Amino acid sequence: MDFYMDEIKVLMDEAAMNRAVTRIAHEIIEANKGAKDLILIGIETRGVPLAKILSNKIKSIENSEVPVESINITFYRDDLEKKFDQPFTEAHSITSDINGKGVILVDDVIFTGRTVRAAMDALMDIGRPSFIKLATLIDRGHRELPIRPDFVGKNIPTSKKEIVQVRLKEVDSESVVRLVSKG
(Lines give C-alpha, C1' and ligand atoms only; values in the text may rest on other atoms or scores of the structure.)
Protein backbone atom coordinates (compact mmCIF):
# COMPACT_ATOMS: atom_id res chain seq x y z
CA MET A 1 0.00 0.00 0.00
CA ASP A 2 1.39 3.38 -1.03
CA PHE A 3 0.65 6.47 0.96
CA TYR A 4 2.14 9.91 0.99
CA MET A 5 2.98 12.08 3.94
CA ASP A 6 2.53 15.81 3.92
CA GLU A 7 5.83 17.62 4.23
CA ILE A 8 5.59 20.53 6.65
CA LYS A 9 8.21 23.26 6.77
CA VAL A 10 8.15 26.15 9.26
CA LEU A 11 8.70 29.36 7.31
CA MET A 12 8.29 31.87 10.14
CA ASP A 13 8.21 31.35 13.87
CA GLU A 14 6.55 33.77 16.28
CA ALA A 15 9.64 36.00 16.55
CA ALA A 16 10.00 36.25 12.75
CA MET A 17 6.30 37.05 12.41
CA ASN A 18 6.63 39.76 15.05
CA ARG A 19 9.60 41.32 13.23
CA ALA A 20 7.71 41.26 9.92
CA VAL A 21 4.62 42.90 11.40
CA THR A 22 6.76 45.55 13.12
CA ARG A 23 8.46 46.32 9.79
CA ILE A 24 5.09 46.54 8.01
CA ALA A 25 3.86 48.98 10.70
CA HIS A 26 6.94 51.18 10.15
CA GLU A 27 6.45 51.05 6.37
CA ILE A 28 2.78 52.05 6.68
CA ILE A 29 3.71 55.01 8.90
CA GLU A 30 6.51 56.05 6.54
CA ALA A 31 4.33 55.81 3.41
CA ASN A 32 1.53 57.82 5.06
CA LYS A 33 3.85 60.29 6.85
CA GLY A 34 2.22 59.25 10.12
CA ALA A 35 -0.97 57.52 11.16
CA LYS A 36 -3.45 60.33 10.62
CA ASP A 37 -6.63 59.52 8.68
CA LEU A 38 -5.80 55.81 8.39
CA ILE A 39 -8.17 52.89 8.88
CA LEU A 40 -7.00 49.28 8.93
CA ILE A 41 -9.57 46.87 7.51
CA GLY A 42 -8.91 43.19 8.06
CA ILE A 43 -10.25 40.66 5.58
CA GLU A 44 -11.93 37.89 7.56
CA THR A 45 -10.70 35.59 9.04
CA ARG A 46 -7.00 36.05 9.87
CA GLY A 47 -6.71 39.52 8.35
CA VAL A 48 -8.75 40.89 11.26
CA PRO A 49 -6.45 39.86 14.15
CA LEU A 50 -3.47 40.79 11.97
CA ALA A 51 -4.95 44.28 11.51
CA LYS A 52 -5.37 44.57 15.29
CA ILE A 53 -1.75 43.58 15.84
CA LEU A 54 -0.66 46.17 13.25
CA SER A 55 -2.80 48.83 14.92
CA ASN A 56 -1.16 48.10 18.28
CA LYS A 57 2.32 48.30 16.69
CA ILE A 58 1.47 51.63 15.04
CA LYS A 59 0.15 52.95 18.36
CA SER A 60 3.37 51.96 20.14
CA ILE A 61 5.46 53.72 17.45
CA GLU A 62 3.32 56.81 16.74
CA ASN A 63 1.27 57.08 19.94
CA SER A 64 -1.79 57.34 17.69
CA GLU A 65 -4.88 55.08 17.58
CA VAL A 66 -5.65 53.61 14.18
CA PRO A 67 -9.19 52.21 13.94
CA VAL A 68 -9.54 48.56 12.96
CA GLU A 69 -12.55 47.27 11.07
CA SER A 70 -13.35 43.90 9.50
CA ILE A 71 -14.84 42.98 6.17
CA ASN A 72 -16.44 39.75 5.01
CA ILE A 73 -16.13 39.40 1.24
CA THR A 74 -18.23 36.25 0.82
CA PHE A 75 -20.92 37.89 -1.33
CA TYR A 76 -18.34 39.65 -3.50
CA ARG A 77 -16.39 36.56 -4.51
CA ASP A 78 -16.39 35.80 -8.22
CA ASP A 79 -16.55 32.07 -7.61
CA LEU A 80 -20.08 31.95 -6.16
CA GLU A 81 -22.52 30.04 -8.33
CA LYS A 82 -25.29 32.60 -7.96
CA LYS A 83 -24.69 36.25 -8.73
CA PHE A 84 -26.72 38.92 -6.97
CA ASP A 85 -28.17 42.06 -8.54
CA GLN A 86 -27.68 44.33 -5.55
CA PRO A 87 -24.50 44.91 -3.55
CA PHE A 88 -24.47 43.46 -0.04
CA THR A 89 -23.58 46.48 2.05
CA GLU A 90 -24.86 44.57 5.12
CA ALA A 91 -22.06 42.02 4.66
CA HIS A 92 -19.67 44.19 6.65
CA SER A 93 -19.43 45.52 10.15
CA ILE A 94 -17.57 48.72 9.27
CA THR A 95 -18.69 51.54 11.54
CA SER A 96 -15.96 54.04 10.62
CA ASP A 97 -16.55 56.54 7.84
CA ILE A 98 -14.06 55.51 5.15
CA ASN A 99 -14.82 58.45 2.83
CA GLY A 100 -11.65 60.45 2.26
CA LYS A 101 -9.61 58.22 4.58
CA GLY A 102 -6.61 56.07 3.77
CA VAL A 103 -7.61 52.42 3.93
CA ILE A 104 -5.07 49.70 4.50
CA LEU A 105 -6.59 46.31 3.65
CA VAL A 106 -4.94 43.59 5.73
CA ASP A 107 -4.82 39.89 4.92
CA ASP A 108 -2.61 37.01 5.98
CA VAL A 109 -1.70 35.59 2.54
CA ILE A 110 -2.06 36.91 -0.99
CA PHE A 111 -2.30 34.26 -3.67
CA THR A 112 -4.38 34.84 -6.83
CA GLY A 113 -5.57 38.33 -5.89
CA ARG A 114 -9.25 37.40 -6.09
CA THR A 115 -9.90 37.88 -2.37
CA VAL A 116 -8.37 41.37 -2.49
CA ARG A 117 -10.41 42.27 -5.58
CA ALA A 118 -13.58 41.18 -3.78
CA ALA A 119 -12.61 43.25 -0.72
CA MET A 120 -12.03 46.34 -2.89
CA ASP A 121 -15.42 45.85 -4.57
CA ALA A 122 -17.05 45.65 -1.13
CA LEU A 123 -15.24 48.78 0.08
CA MET A 124 -16.34 50.77 -2.95
CA ASP A 125 -19.95 49.88 -2.16
CA ILE A 126 -19.44 51.30 1.35
CA GLY A 127 -17.69 54.55 0.49
CA ARG A 128 -14.86 56.30 -1.31
CA PRO A 129 -11.54 56.20 0.53
CA SER A 130 -8.76 58.55 -0.58
CA PHE A 131 -6.67 55.45 -1.27
CA ILE A 132 -6.62 51.70 -0.68
CA LYS A 133 -3.34 49.94 -0.02
CA LEU A 134 -2.71 46.31 0.80
CA ALA A 135 -0.69 44.84 3.66
CA THR A 136 -0.12 41.10 3.78
CA LEU A 137 2.05 38.91 5.93
CA ILE A 138 2.83 36.44 3.11
CA ASP A 139 2.99 36.94 -0.67
CA ARG A 140 3.12 33.51 -2.26
CA GLY A 141 2.82 34.58 -5.91
CA HIS A 142 0.60 33.02 -8.60
CA ARG A 143 -1.47 36.16 -9.24
CA GLU A 144 -4.43 35.86 -11.61
CA LEU A 145 -5.27 39.56 -11.38
CA PRO A 146 -3.00 42.62 -11.58
CA ILE A 147 -2.96 43.17 -7.81
CA ARG A 148 0.22 43.73 -5.83
CA PRO A 149 0.58 44.28 -2.08
CA ASP A 150 2.10 47.56 -0.91
CA PHE A 151 3.41 46.12 2.36
CA VAL A 152 4.68 42.52 2.58
CA GLY A 153 6.05 40.62 5.56
CA LYS A 154 7.71 37.92 3.47
CA ASN A 155 7.71 36.77 -0.15
CA ILE A 156 7.53 32.98 -0.33
CA PRO A 157 7.70 31.40 -3.78
CA THR A 158 5.42 28.38 -3.80
CA SER A 159 4.01 25.84 -6.18
CA LYS A 160 0.27 25.84 -6.71
CA LYS A 161 0.11 22.47 -4.97
CA GLU A 162 1.58 23.82 -1.74
CA ILE A 163 -0.46 25.39 1.05
CA VAL A 164 0.69 28.30 3.18
CA GLN A 165 -0.76 28.04 6.70
CA VAL A 166 -0.72 31.21 8.77
CA ARG A 167 -1.64 30.60 12.38
CA LEU A 168 -2.14 33.45 14.83
CA LYS A 169 -2.30 33.18 18.62
CA GLU A 170 -5.50 35.21 18.61
CA VAL A 171 -7.27 32.59 16.49
CA ASP A 172 -5.21 29.40 16.64
CA SER A 173 -3.38 29.58 20.03
CA GLU A 174 0.01 29.66 18.26
CA SER A 175 1.81 32.03 15.90
CA VAL A 176 3.61 30.31 13.06
CA VAL A 177 3.71 30.21 9.25
CA ARG A 178 4.06 26.77 7.66
CA LEU A 179 4.41 25.51 4.14
CA VAL A 180 2.59 22.24 3.59
CA SER A 181 3.52 20.17 0.55
CA LYS A 182 1.18 17.37 -0.33
CA GLY A 183 3.27 14.24 -0.65
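Provided above is the structure to which this section pertains.
Criteria and thresholds
Residues numbered from 1 in each chain as written. Predicted model: local features only at pLDDT ≥ 70, side-chain atom pairs only at ≥ 80, totals over all residues. Heavy atoms only, no water. Helix = DSSP H or I, 4+ residues; strand = E, 2+ residues; numbered from the N terminus. Contact = heavy atoms within 4.5 Å. Areas by Shrake-Rupley, 256 points an atom, 1.4 Å probe, with all protein chains shown as cover. Expected span 1.5 Å × (residues − 1). Buried < 20%, exposed > 50% of the residue type's maximum accessible area, 1.4 Å probe, protein only. Pairing = 2+ DSSP bridges. Axes fitted to C-alpha atoms, helices over the stretch in contact; angles between N-to-C directions.

Draft legend 1. Spatial organisation of the overall build of the protein chain. Along its length, the protein chain carries four helices and eight strands. Secondary structure elements in the protein chain, listed N-terminal to C-terminal, are β-α-β-α-β-β-α-β-β-β-α-β. Sequence separation of at least 24 residues holds for 70% of the intrachain contacts in the protein chain that already meet a minimum separation of 6. Carbon and sulfur atoms provide 48% of the accessible area of the protein chain, an area that totals close to 10,100 Å².

Draft legend 2. Layout of helix α2 (residues 47–62). Its 16 residues place the ends of α2 22 Å apart at the C-alpha level, agreeing with the 22 Å of an ideal helix rising 1.5 Å per residue. Among the residues of α2, those classed as buried are Gly47, Val48, Pro49, Leu50, Ala51, Leu54, Ser55, Lys57 and Ile58. With its phi angle positive at about 55°, Asn63 sits one or two positions after the end of α2.

Draft legend 3. Looking closely at the sheet that holds strand β5 (residues 131–139). Pairing is parallel across the open sheet formed by five strands, whose spatial order is β3-β2-β4-β5-β6. Both outer strands of the open sheet, β3 (68–71) and β6 (151–155), are each paired with one neighbouring strand and no more. Direction aside, neighbouring strands of the sheet carry axes that sit 25° apart on average. In the sheet, strand β2 (residues 38–43) pairs with β3 via four bridges, with the strands oriented parallel. Its bridge partner being in β3, Leu40 is matched across the sheet by Val68. Together, β2, β3, β4 (102–110) and β5 form the strand contacts of α2, whose direction differs from that of β2 by roughly 150°. Docked against the sheet, helix α3 (residues 114–126) engages β2, β3, β4 and β5, running at close to 155° with respect to β4.

Draft legend 4. Geometry of the pairing of β4. Along β4, nine of the nine residues are buried, which leaves the element largely enclosed by surrounding structure. Judged from the five bridges that link them, β2 and β4 form a sheet pairing that is parallel. Bridge pairing links Leu40 to Ile104 in β4. Relative to β5, β4 runs parallel, the two being bridged by eight bridges. The residue of β5 that forms the bridge with Ile104 is Lys133.

Draft legend 5. Inspection of the environment of Val68 at higher detail. Inspection of the secondary structure assignment puts Val68 in strand β3. Among the residues examined, Val68 registers a relative accessible area of 26% and is labelled partly exposed. Setting aside residues no more than four positions away along its own chain, Val68 makes contact with Leu40, Val48, Ala51, Lys52 and Ser55.

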